[in-house]
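This is what each chain is made of:
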Amino acid sequence: RFGNWEALYKYIRGFNELKANIPLMKPSNPATIDQVTGEYYFMMAYTYFALARRYGGVPLITEVQEFNGDYDAVKVPRSTEVATWKFILNKWTAYALKSRAALYAASVGKFWDRNGAMLTGEAVTEKLVGGFTDADVKFFYEECIKASAEVIRSGKFSLYGENPASLDEAAQNYHKIFVEGKGISEV
């Protein structure tokens, strides 16, 4: 369950341990290495997406940290919120998640009160939350559009009942996705 800061960073540690062990794998099919590597990047992006939605900018940890009694050696400062969202949008992220994360980030940036009236304090001043410029908002909307276009152009996916004759038919189609699920291409 993707719930809180501590649980999410435990996932990140596990994913980084996986990454550290990928070079040691000796699968019978070499494509397995690429698959596992892609899964690592996807899960990292998904976990940081959960963190960014809750906390804004967070520490970006991409290697296993070893604690030897020196707390300062393992302290990683929070990144800005914009840098955290950009980290999520790496090239290995599945396009659907990339689209969702970029849309979420753009919406936060667009609808965030940039004058700081919603929140104030050190986190706002250091851009750990908020801090989006108009250029950042534009960037994230463009990334959302590009990622969505890749999914659409792939031809691998389609909407279920994509041309409903009425609002009732559209509602029925939507209902069927959740009730029937299996065998429906949109799922």
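Relevant structure appears above.
Small disclaimer: the values here were computed from a predicted structure and weren't measured.

Draft legend 1. Spotlight on a nonpolar patch on the surface. On the surface, Tyr-174, Phe-178 and Val-179 cluster together into a nonpolar patch covering about 390 Å² of accessible area. Note that Tyr-174 resides in helix H8 (residues 167-179). The exposure class of Tyr-174 is exposed, given its relative accessible area of 56%.

Draft legend 2. Structural view of helix H2 (residues 31-55). In this model H2 runs 36 Å from its N-terminal to its C-terminal C-alpha over 25 residues, within 8% of the 36 Å that 1.5 Å per residue would give. For H2, every residue scored as buried is listed here: Val-36, Tyr-40, Met-44, Ala-45, Thr-47, Tyr-48, Phe-49, Ala-50, Leu-51 and Ala-52. Residues of H2 that are buried sit in contact with helix H1 (5-21), helix H4 (81-88) and helix H5 (95-111). Looking one or two residues past H2, Gly-56 carries a phi angle of roughly 75°, positive in sign.

Draft legend 3. Looking closely at the pattern of salt bridges. Scanning the entire structure with this criterion turns up 9 salt bridges. A salt bridge links Lys-10 to Glu-6, with the nearest nitrogen and oxygen atoms 3.4 Å apart. Of this pair, Lys-10 and Glu-6 both sit in helix H1, 4 residues apart, roughly one helical turn. Its relative accessible area of 52% is what places Glu-6 among the exposed residues. Through salt bridges with shared partners, a single network forms among Arg-13, Glu-17 and Glu-66.

Draft legend 4. Up close: the packing of aromatic side chains. Using the criterion set out here, one finds 14 aromatic pairs in the structure. For the pair Trp-5 and Tyr-9, a centre-to-centre distance of 5.2 Å together with 45° between the ring planes defines the contact as tilted. Of this pair, Trp-5 and Tyr-9 are both found in helix H1, 4 residues apart, which corresponds to roughly one turn of the helix. Of the residues examined, Trp-5 reaches a relative accessible area of 31% and is grouped as partly exposed. On the accessibility criterion, Tyr-9 (15% relative accessible area) is buried. Taking 5.9 Å as the distance between ring centres and 85° as the angle between the ring planes, the aromatic pair formed by Phe-49 and Tyr-104 counts as edge-to-face.

Draft legend 5. Layout of the environment of Val-76. Following the sequence through the fold, Val-76 ends up in the loop between helix H3 (71-74) and H4. We classify Val-76 as partly exposed; its relative accessible area is 29%. With sequence-adjacent residues up to four places away left out, Val-76 is seen in contact with Pro-59, Leu-60, Ile-61 and Gln-65.

About the criteria used
Residues numbered from 1 in each chain as written. Predicted model: local features only at pLDDT ≥ 70, side-chain atom pairs only at ≥ 80, totals over all residues. Heavy atoms only, no water. Patch = residues over 30% accessible without salt bridge, like charges linked within 9 Å, V, L, I, M, F, W, Y side chains within 5 Å. Areas by Shrake-Rupley, 256 points an atom, 1.4 Å probe, with all protein chains shown as cover. Salt bridge = Lys/Arg side-chain N within 4 Å of Asp/Glu carboxyl O. Helix = DSSP H or I, 4+ residues; strand = E, 2+ residues; numbered from the N terminus. Buried < 20%, exposed > 50% of the residue type's maximum accessible area, 1.4 Å probe, protein only. Expected span 1.5 Å × (residues − 1). Contact = heavy atoms within 4.5 Å. Phe/Tyr/Trp six-rings, centres within 6.5 Å; stacked < 30°, edge-to-face > 60°.

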